[in-house]
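An overview of the molecular structure
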Amino acid sequence: MSESVYQFDVIVIGAGHAGTEAALAAARLGAKTALLTMNCDTVGQMSCNPAIGGVAKGQIVREIDALGGEMGRVIDETGIQFRMLNSSKGPAMHSPRAQADKKAYQFLMKYRVEDQENLTLVQEMVEEILVEKGDVQGVRVRGNAIYRAAAVILTTGTFLQAIMHTGEAKAKGGRAGEGTTGTISDALVKLGFQLERFKTGTPARLNGRTIDFSQLKPQPGDENPQPFSFLTDEIKQSQLDCYLTDTNVKVHELIRKNLSRAPMYSGQINSTGPRYCPSIEDKVVRFAKKESHQIFLEPEGRLTHEYYCNGISTSLPRDVQDKMIHAIKGLENAEIMRYGYAVEYDFAPPTQLLPTLETKKVQGLYFAGQINGTTGYEEAAGQGLIAGINAARKIAKKTPFILERNQAYLGVLIDDLVTKGVDEPYRMFTSRAEYRLLLRQDNADRRLTPIAKELGLASPERLKKFDAHVEQIERAEKFIREKRHHKNTLEEWLRRPEISWKNVIEMAPEAGSLPLSPVAIKQIEIDAQYSGYIRRQEKEIERHSKIGSVKIPASFDYHAILQLRNEARDRLSKIQPATLGQAERVSGITPADLTVLLFYLDNPQSK
């Protein structure tokens, strides 16, 4: 039988949030790209909650946008409620979040993929990854066709040998109504990759027509909604309310009586789930003294009555879910449209990756998204973007692209994954970023759009808008540095927390004639009021970078350094850190280990 053979530069497997960003980035950088998916009707689909952003996640979305990615633009156009979380706290904690019209988001992302030059979307089931002499050659799909490429990006989400659990009932699949991709797991094991199992879950969805909203507390969006994308001037569409309710003692008692039927407690599931987003079963057990847990009822779209029950993820049996929902205030007569379930799936521990997200075992093969042990649309999309950039640059024989921890949350995310690994599904938090005052959501464009320009991912429209924005800020900051009021410069006045730009105009009316957008004014206020803290962090980065940037040769033999502890030799050999800074962050490495390592890097002949 003759084989059909198709030639591409980059192949992306999986068209979720990681896959779409990876494929778009590679194609925009000039690589002829194929995006292969099990189902073209589920491109960009939200498997779980109908929302983008959140604490730290919102920062990631803005970074994706600043680097030329698509997620921010799509949610701006299809969002149905926008909120800035932690707005009462300092600017480093501000995090945008938006409820999405799930279908509108999915269809618009699919259209962006279809509309992209150099990108071909194809419905295929990948069965084998082709490798010769340690280099990826492409993939074989069902039907024996071959797609050849020198770079392959695997973004399979929760679909690797996935099993869904609802009580005692089990079914193969990574998402309700869909199948699994077991053959890729087999292919990876044959190539020598280590695979492990994680678990995630999702709550029931309800028919809003049967919810008694009169008993619930509305949660509206912000009066002045802030966009995610730096290309979006304003959010013009109307917003929908979310609603709040709570579990209660009766619900908790029902859950306790049925724990033996919950897969996580019956022994049916043994894999690890996300600690920060536990199921309602876990909440009732871990917080036994707590009498209620908040539930957010989130609309799934403008043209559907379906509501997502955020806060009660569960894999309890259907009959228990029925009783549980009907025991909640406002949901006494609610109809369940989709029952909650848990999903077990394979992932590849990310210490098997380089900081570019290329695998150490196979050149040209990249992993991005939940296959790396992460959770969340935003973390997946960010990884996809970085993998797509690096795959295209590898094809073009350009240097790898790596973001540092002091440049972006994306740098923190990837460094954590490849250096420390994961023992539970990884979620980004602001606390993971040691330089979070520099990595704010509001300045993502100033941090990363110049990099996007160098990479070739910044469109003319983006550069024009960015340049005008920066020019406004620089002109105004020059003015307040030079202009004085009562012996102090206006910049010194603005550093005071009680002083705003409005006060600056009162001190110097000519400041009011400067052409400044509200966004630019906010940046000027933050720059001034946090200048002392920012300078301290910048000095800390400078001090750390002198030693941390010391490069470690890829061929460095840790086992030849007898002065290193056995544990240090084993851990460093496994991770293969690229710099001394990365070596410092490897779990179990001590300052004494680093001192020995630095000595041998400076004196290689001493080994």
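Above this text sits the structure in question.
Now for a description of the structure that goes with this document. (Residues numbered from 1 in each chain as written. Predicted model: local features only at pLDDT ≥ 70, side-chain atom pairs only at ≥ 80, totals over all residues. Heavy atoms only, no water.)

**Quick notes on the overall build of the protein**
- For the protein, the helix and strand inventory stands at 20 helices and 24 strands.
- Structurally, the protein occupies a C-alpha span of about 75 × 70 × 50 Å along its principal axes.
- In the protein, 73% of the contacts between residues at least 6 apart in sequence involve partners at least 24 apart.
- Each charge class in the protein can be summarised by its mean position, and for the 80 positive and 76 negative side chains these summaries are 3 Å apart. (Helix = DSSP H or I, 4+ residues; strand = E, 2+ residues; numbered from the N terminus. Contact = heavy atoms within 4.5 Å. Lys, Arg positive; Asp, Glu negative; His and termini not counted. Charge placed at Lys NZ, Arg CZ, Asp CG, Glu CD.)

**Focus on the packing of aromatic side chains**
- Tallied over the full model, the rule gives 9 aromatic pairs.
- Consider the rings of Phe8 and Tyr147, whose centres lie 6.1 Å apart with planes at 25°: the pair is stacked. Of the two residues, Phe8 sits in the loop between strand S1 (5-7) and strand S2 (10-13) while Tyr147 sits in strand S10 (residues 146-148), which places them 139 residues apart along the sequence. In this structure, Phe8 and Tyr147 share a single accessibility class: buried. (Phe/Tyr/Trp six-rings, centres within 6.5 Å; stacked < 30°, edge-to-face > 60°. Buried < 20%, exposed > 50% of the residue type's maximum accessible area, 1.4 Å probe, protein only.)

**Regarding a positive patch on the surface**
- Together, Arg535, Arg536, Lys539 and Arg543 give the surface a local cluster of positive charge.
- Inspection of the secondary structure puts Lys539 in helix H17 (residues 531-548). (Patch = residues over 30% accessible without salt bridge, like charges linked within 9 Å, V, L, I, M, F, W, Y side chains within 5 Å. Areas by Shrake-Rupley, 256 points an atom, 1.4 Å probe, with all protein chains shown as cover. Salt bridge = Lys/Arg side-chain N within 4 Å of Asp/Glu carboxyl O.)

**Quick word on helix H10 (residues 377-395)**
- Helix length check: H10 (19 residues) gives 27 Å between terminal C-alpha atoms against 27 Å at 1.5 Å per residue, within 8%.
- The element H10 is largely enclosed, with a buried count of 17 among its 19 residues.
- Trailing H10 by a residue or two, Lys397 shows a phi angle of about 60°, which is positive. (Expected span 1.5 Å × (residues − 1).)

**Some words on the sheet that holds S1**
- Strand order in this open sheet of 4 strands is S1-S10-S9-S8, and the pairing throughout is mixed. Unpaired on one side and paired on the other, S1 and strand S8 (126-132) mark the two borders of the sheet. In this sheet, neighbouring strand axes are inclined to one another by 25° on average, regardless of whether the strands run parallel or antiparallel.
- Where S8 lies against strand S9 (residues 135-141), 6 bridges are found, and the strand directions are antiparallel. Opposite Val126, over in S9, you have Val141 as the bridge partner. (Pairing = 2+ DSSP bridges. Axes fitted to C-alpha atoms, helices over the stretch in contact; angles between N-to-C directions.)

**Focus: the pattern of salt bridges**
- Counting across every chain of the model gives 36 salt bridges.
- When the shortest N-O distance is used, the salt bridge between Arg565 and Glu567 registers 3.1 Å.
- Under the relative-accessibility criterion, Glu567 is labelled partly exposed at 36%.
- What emerges from the salt-bridge pattern is a single network uniting Arg405, Asp415, Asp416, Lys420, Glu434 and Arg585.

**Overview of the layout of surface pockets**
- There is about 930 Å³ of room inside the second largest pocket.
- Surrounding the second largest pocket, 32 residues form its lining, Arg62, Gln226, Pro227, Pro518 and Val519 being those nearest its centre.
- Sorting the residues of the lining of the second largest pocket by element identifies helix H12 (444-455), helix H13 (460-482) and helix H16 (518-529) as the ones contributing at least two each.
- Sort the elements by how many residues they give to the lining of the second largest pocket and H13 lands first, with 6 residues.
- Classifying every residue of the lining of the second largest pocket by side-chain character gives 11 nonpolar, 12 polar and 9 charged. (1 Å grid on protein atoms, 1.4 Å probe; cavity = no way out; pocket = protein on both sides within 12 Å on 5 of 7 lines; lining within 4 Å. Points joined across faces, edges and corners; volume = space filled by probe spheres on them. Nonpolar A, V, L, I, M, F, W, Y, C, P; charged D, E, K, R; others polar.)

**Some words on helix H1 (residues 17-28)**
- Here H1 is 12 residues long and its end C-alpha atoms lie 17 Å apart, about the 16 Å a rise of 1.5 Å per residue gives.
- Taken across its 12 residues, H1 has 11 buried, putting it largely inside the fold.
- Regarding H1, the residues found buried are His17, Ala18, Gly19, Thr20, Glu21, Ala22, Ala23, Leu24, Ala25, Ala26 and Ala27.
- Where H1 terminates, the next one or two residues include Gly30, which has phi positive at roughly 95°.

**A closer look at empty space enclosed by the protein**
- In the structure shown here, the tally under the stated rule is 1 cavity of 30 Å³ or more.
- A volume near 30 Å³ is recorded for the largest cavity.
- Looking at the largest cavity, the residues that line it are Phe82, Arg83, Met84, Pro96, Arg97, Asp222, Gln226 and Phe228.
- Elements with a contribution of two residues or more to the lining of the largest cavity: strand S5 (79-85) and strand S6 (95-100).
- For the lining of the largest cavity, the leading source of residues is S5, giving 3 residues.
- Grouping the constituent residues of the lining of the largest cavity by class yields 4 nonpolar, 1 polar and 3 charged.

**Side note on the pairing of strand S17 (residues 242-246)**
- Across the 5 residues that make up S17, a large majority, 4, are buried.
- Here strand S16 (residues 217-219) pairs with S17 via 3 bridges, running antiparallel. Bridging across to S17, Gln219 finds its partner in Cys242.

**Things to note about the side chain of Arg97**
- Its place among the elements puts Arg97 in strand S6.
- Of note is the side chain of Arg97, whose polar atom sits 2.6 Å from the side chain of Gln99.
- Not counting residues within four places of it along the chain, the set of residues in contact with Arg97 comprises Asn49, Ala51, Ile52, Gly53, Gly54, Gln81, Phe82, Arg83, Leu85, Phe228, Glu298 and Asn310. (Polar contact = N/O pair within 3.5 Å; in protein donor to acceptor, adjacent residues only side chain to side chain.)

**A look at the environment of Glu223**
- Here Glu223 lies in the loop between S16 and S17.
- For the pair formed by Glu223 and Gln239, sequence separation is 16 residues and the distance between their alpha carbons is 9.4 Å.

**Some points on the environment of Leu601**
- Examined against the element boundaries, Leu601 turns out to sit in helix H20 (residues 591-602).
- Taking the C-alpha atoms as reference, Leu601 lies 40 Å from Val139; in sequence the two are 462 residues apart.
- Not counting residues within four places of it along the chain, the set of residues in contact with Leu601 comprises Val550, Lys551, Ile552, Pro553, Phe556 and Leu580.

**What to know about the packing of H1 against helix H4 (residues 102-115)**
- Between H1 and H4, whose axes approach to 10 Å, the crossing angle comes to 25°. The pairing of H1 with H4 is recorded here as roughly parallel in orientation. Crossing hand, H1 versus H4: left-handed. Residue-level inspection shows His17, Thr20, Glu21 and Leu24 of H1 in contact with H4, the latter providing Tyr105, Met109, Arg112 and Val113.
- By residue class, the composition of the contact of H1 with H4 is 4 nonpolar, 2 polar and 2 charged. (Parallel < 35°, antiparallel > 145°, perpendicular 65-115°, else oblique. Left-handed = near helix turned anticlockwise from the far one by under 90°.)

**Some thoughts on unusual backbone geometry**
- Although it is not a glycine, Asn86 adopts a positive phi angle of roughly 60°.
- Within the chain, Lys397 stands out as a residue other than glycine whose phi angle is a positive 60°.
- Take Lys397: it is sitting in the loop between H10 and helix H11 (409-420).

**Here we look at the sheet that holds strand S14 (residues 196-202)**
- Overall, antiparallel pairing links the 4 strands, which are arranged S13-S12-S21-S14 in an open sheet. Pairing within the sheet leaves two strands with one partner each, and these edge strands are strand S13 (169-172) and S14. For this sheet, the mean angle separating the axes of adjacent strands, direction not counted, is 25°.
- Taken together, the 4 bridges between strand S12 (residues 163-166) and S13 define a ladder with antiparallel strand orientation. Note that in S13 the partner of His165 across the bridge is Lys170.

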